[in-house]
Structure formats: structure tokens, C-alpha cells
Amino acid sequence: ISFLSDLKRMNKRQVFYQFLSFGMIVSSALMIWKGLIVATGSESPVVVVLSGSMEPGFYRGDLLFLTNDLEDPIRAGDIAVFRIKGRDIPIVHRVLQVHERDDGYVKFLTKGDNNAIDDRGLYAPGQLWLEKGDVIGRAKGFVPYIGMVTIVMNDYPKFKYAVLGLLGIFVLLNREA
Amino acid sequence: MSQENAPIKIDKWDGNALKNALDDAAKKIMNESYGLVESFKLIDGRLALCSIAVSCSLFALLWDFLYPFPASKTVLIICVACYFILTGVISVYLLYFEGGVFYVGLEKDKAGIDPDDKWTLQSSLKKYDDQYCLKITYTGGVSKQTRSVERVCSVTEFFDEEGTLCYDLYEATVKGLKDSLSADKKAK
């Protein structure tokens, strides 16, 4: 195969550079992600909507952009992304009721727009309210449909590894001029 | 690099492969026919910069793993800023310092006293184009003067229909270029 001849003629330094190029691409993606985390203040600044509980506003597969400004008070109507303690998957629902104390303690109740009942059934046993610490961020913008790729990749992990593997091999074996 | 004498065969429609084949052949000619010693300083500079950038991002990854956000905020900001500054530096380095240079060969002084003369090879081949430009620059070790000559040829002059490099033809062209510079040197 002719492209192998390109690779066989590379010296040690050029081979090392191929791996470094791959490393640079991964690092760039990583640094952009960490940069977003710092810029938005949210530990997960981009999330995918997984269920239809916020229709017709958000559909399954929409990509959401979050910020987590702790100074900005939580108000009813905000679309909050939160995690229930002990569970991995973040939930995207709307804030229904907010209670604020003078000392700054805030507790609030959420509900999906498309759900018949509020989220108390989803909270941990005994938990009736959410607190600021449960919030990953609040939605500031969205892009429709694009998140479906992530959903498919997570439903079929072999597909994800195949795509990533192929991309990696392509980068490693592609010798640039 | 192994001393293979098998002819180089590539996909003649792949611009990258064409340029790489011609560059590799030129390197081989300079090393073998003229006994130049290849200097890797330029490449090592680039490798070092990229390695530092990648280590920066790996450090950020590790730190954030050990001390999850928001405790890691300051370290993350520093690492991200460093990384992108380094990326900018690397781009500048590639554009101005390397600028298409794919080979630097040192001509050792026979007496071993004077600093080495430097032969630099640069090439360019635009995407989807057939015009390969080879530039040889001579920098005197003692005089510090530079002289260069460049030649633009179509890649069709050196590759046959199968995509095999006609080494002899290319060797003649490269040697002709270099010798014209050497002759210039002697004449002056």
C-alpha cells in the first residue's frame, strides 16, 4: 500500500512528531473544554437533552450551553440543569418555586414542562427541595438536533470506539508535508 | 533511516506524498553524495515546544482529576492560557523559523577549526499544484554570508506514470543546484 512507504521513510523524530501531533489535537480539545469549564463556572458547560420532559422547548437530542453564575439568584422560570445526589445523569427542568432566606440559603422545586407532576418523585428519598450545590448550571443557549450524535454514541459504545479509533489512526498515519 | 535502495513509489495524485517523496530523496542525496551531517536543531525546537504544550494540558488534566473543579480553577486558567500562548508560539515558529525548511546539513571544516558551513533545503508544493519549488541556501560558517538558489520544476519531471520516483533524474537536478551554489562560492 503506497501510503505505508511515506511512513517507512520517517526517522525517529518524525515518528515522535506524529504522536505529538495527535497529542496536540487531543490537548487542544481538552484545553478548550477546561477553558469552557472555567469561563462558564459550570463543571459541564455543554449537555445533551436526554428526554422529552421539556417539550416543546427542548427535544431529546438538543445541545444546551450552560453557565453557572453563583452570584446570579435562582428565580422561578429559570431552566436549571442539576444532579440528584448519588446519581450521575443530569436533569434539565424548569424552576417552579424558590424559597430564599436572609442568610442566603436558597431552596427550590423543579418540574419538567412536559411532565404532569413536579420533580419530588425524582429527588432522593426524603428530599423535598433542591439546593444551589445540586445545580450544574442554567441554560443560556441551545443548538437543536446535534446532540443526537452523542446519544447514538453512548447507546452504541462500540460505534463510539470505532469512530474515535479510526480518527486516531488517521491522524497518526497521515504524514503532513 | 534505513538505507533502502528500492525505488520510492507513491500515489501520484497525492500532493502530500509527492512533496514528502521529493523532500526525502533530496535529504538522502545531500547526506550521501556530499557527506553532510544533518542538524536536527530546528526540528528539536519544534518537538520541544509541542512537548511542553502537551505536558501543560496533561498537567491540567491530572490536577483537575486530583482536585476537582472549582478547587482547580486557578491552575486550570494558568494551564489553558499557557497552552494557547504556546500554540501561538508554535505557529510563529513554524511560519518564520522553519518556513518550509526540511533539511539542515552541516559541512564540517576539514581542519576542524572553523565553524561549519550550513546547507539548508526548503521546498514548497501548493495543494493540487504540480509546481515543486526547491530552494538551497548556503551559509558560510566563517563569512556568515548566505547565498541561495531556487528552482521550480513540475513534479511530472521526476515521477513516472506508476508514481515511481526517477531517482537519477532528481539526483541530477538537486546536485546541479547545489553544485551551482558551490561554484558561486569558489568564484567569489
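This structure is a prediction, so every number in the text was calculated from the model and none was measured.

K.L.:
Describe the layout of surface pockets, with residues and values.
P.N.:
Residues and elements named next belong to chain A. In this structure, the largest pocket spans a volume of roughly 910 Å³. With six residues, the single largest contributor to the lining of the largest pocket is helix α2 (residues 12-40). A class-by-class count of the residues in the lining of the largest pocket yields 14 nonpolar, 11 polar and nine charged. Estimates place the volume of the second largest pocket at around 570 Å³.

K.L.:
Outline the interface of chain B and chain A, supporting the account with residue identities and numerical values.
P.N.:
Facing the 35 residues of chain B at the interface are 28 residues of chain A. Between chain B and chain A, the buried area comes to about 2900 Å², and carbon and sulfur atoms account for 64% of it. For the pair chain B and chain A, the number of links is four salt bridges. The salt bridge involving R13(A) is made with D44(B); its shortest N-O contact spans 2.6 Å. Between chain B and chain A we count nine residue pairs in polar contact (both at pLDDT 80 or more) in total.

K.L.:
Lay out the UniProt feature "transmembrane region" (unreviewed entry) in chain B in plain terms, naming residues and giving numbers.
P.N.:
What UniProt calls "transmembrane region" (unreviewed entry) maps, in this numbering, to residues 47-69 and 75-96 of chain B. Between the end C-alpha atoms of residues 47-69 of chain B there is a gap of 31 Å, over a span that is 87% helix and 0% strand.

K.L.:
An account of the packing of aromatic side chains is requested, with residue identities and associated values reported.
P.N.:
Applying the stated rule across the entire model yields nine aromatic pairs over all chains. Ring centres of F82(A) and Y123(A) lie 6.5 Å apart, and the angle between their planes is 80°; on these two criteria the pair is classed as edge-to-face. With a gap of 41 residues between them, F82(A) in strand β3 (residues 79-82) and Y123(A) in the loop between β5 (106-111) and β6 (130-131) connect regions that are remote in the sequence. Both rings, one in Y83(B) and one in F84(B), keep their centres 5.4 Å apart while their planes meet at 85°; by these two values the pair is edge-to-face. On the basis of relative accessibility, which here comes to 0%, the residue Y83(B) falls in the buried class. An aromatic cluster of three or more residues is present, and its members are F59(B), W63(B) and Y67(B). Positioned over the ring face of W129(A) is R120(A), at 4.6 Å from the centre of the ring. Above the face of the Y167(B) ring, K28(B) is positioned so that its terminal group lies 5.1 Å from the ring centre.

K.L.:
Any chance you could break down the UniProt feature "domain: Peptidase S24/S26A/S26B/S26C" (unreviewed entry) in chain A for me, citing the residues and the numbers?
P.N.:
Residues annotated by UniProt as "domain: Peptidase S24/S26A/S26B/S26C" (unreviewed entry) correspond here to residues 37-118 of chain A. The span residues 37-118 of chain A is 5% helical and 34% strand by assignment, and the distance between its end C-alpha atoms comes to 29 Å.

K.L.:
Account for the nonpolar core, naming residues and giving values.
P.N.:
All names here are of chain B. Among the nonpolar cores identified, the biggest contains 29 residues, and L22, Y132, F159, L165 and Y170 are the most heavily contacted of them. Broken down by element, this core gets its largest block of residues, eight residues, from helix α1 (residues 15-34). Not counting residues within four places of it along the chain, the set of residues in contact with Y132 comprises K19, L22, D23, F102, S123, S124, L125, R151, V152, C153, V155 and Y170.

K.L.:
Let's hear about the domain arrangement of chain B: which residues, and what values?
P.N.:
As far as domains go, chain B holds domain 1 (15-36 + 108-187) and domain 2 (43-97). Centre-to-centre separation of domain 1 of chain B and domain 2 of chain B, based on C-alpha positions: 36 Å.

K.L.:
Before we move on, can you summarise the sheet that holds strand β2 (residues 63-67) of chain A with the specific residues and values?
P.N.:
Backbone-to-backbone hydrogen bonds pair the strands of a sheet. The strands run either parallel or antiparallel. Residue and element names in this part refer to chain A. As summarised here, the arrangement of the seven strands in space is β1-β2-β7-β3-β4-β5-β6, forming an open sheet in which the pairing is antiparallel. Either end of the sheet is taken by a strand with one partner, and the two such strands are β1 (46-48) and β6. Where β3 lies against strand β7 (residues 135-143), three bridges are found, and the strand directions are antiparallel. For A80, the partnering residue across the bridge sits in β7 and is R138.

Cut-offs applied
Residues numbered from 1 in each chain as written. Chains lettered and ligands numbered in written order. Predicted model: local features only at pLDDT ≥ 70, side-chain atom pairs only at ≥ 80, totals over all residues. Heavy atoms only, no water. 1 Å grid on protein atoms, 1.4 Å probe; cavity = no way out; pocket = protein on both sides within 12 Å on 5 of 7 lines; lining within 4 Å. Points joined across faces, edges and corners; volume = space filled by probe spheres on them. Helix = DSSP H or I, 4+ residues; strand = E, 2+ residues; numbered from the N terminus. Nonpolar A, V, L, I, M, F, W, Y, C, P; charged D, E, K, R; others polar. Contact = heavy atoms within 4.5 Å. Buried area = accessible area lost by both parts, 1.4 Å probe. Salt bridge = Lys/Arg side-chain N within 4 Å of Asp/Glu carboxyl O. Polar contact = N/O pair within 3.5 Å; in protein donor to acceptor, adjacent residues only side chain to side chain. UniProt positions renumbered as here; feature names shortened; annotations may be inferred. Phe/Tyr/Trp six-rings, centres within 6.5 Å; stacked < 30°, edge-to-face > 60°. Buried < 20%, exposed > 50% of the residue type's maximum accessible area, 1.4 Å probe, protein only. Lys NZ or Arg CZ within 6 Å of the ring centre and 35° of its normal. Core = buried A, V, L, I, M, F, W, Y, C linked by side-chain atoms within 4.5 Å. Domains from an automatic or database assignment. Pairing = 2+ DSSP bridges.

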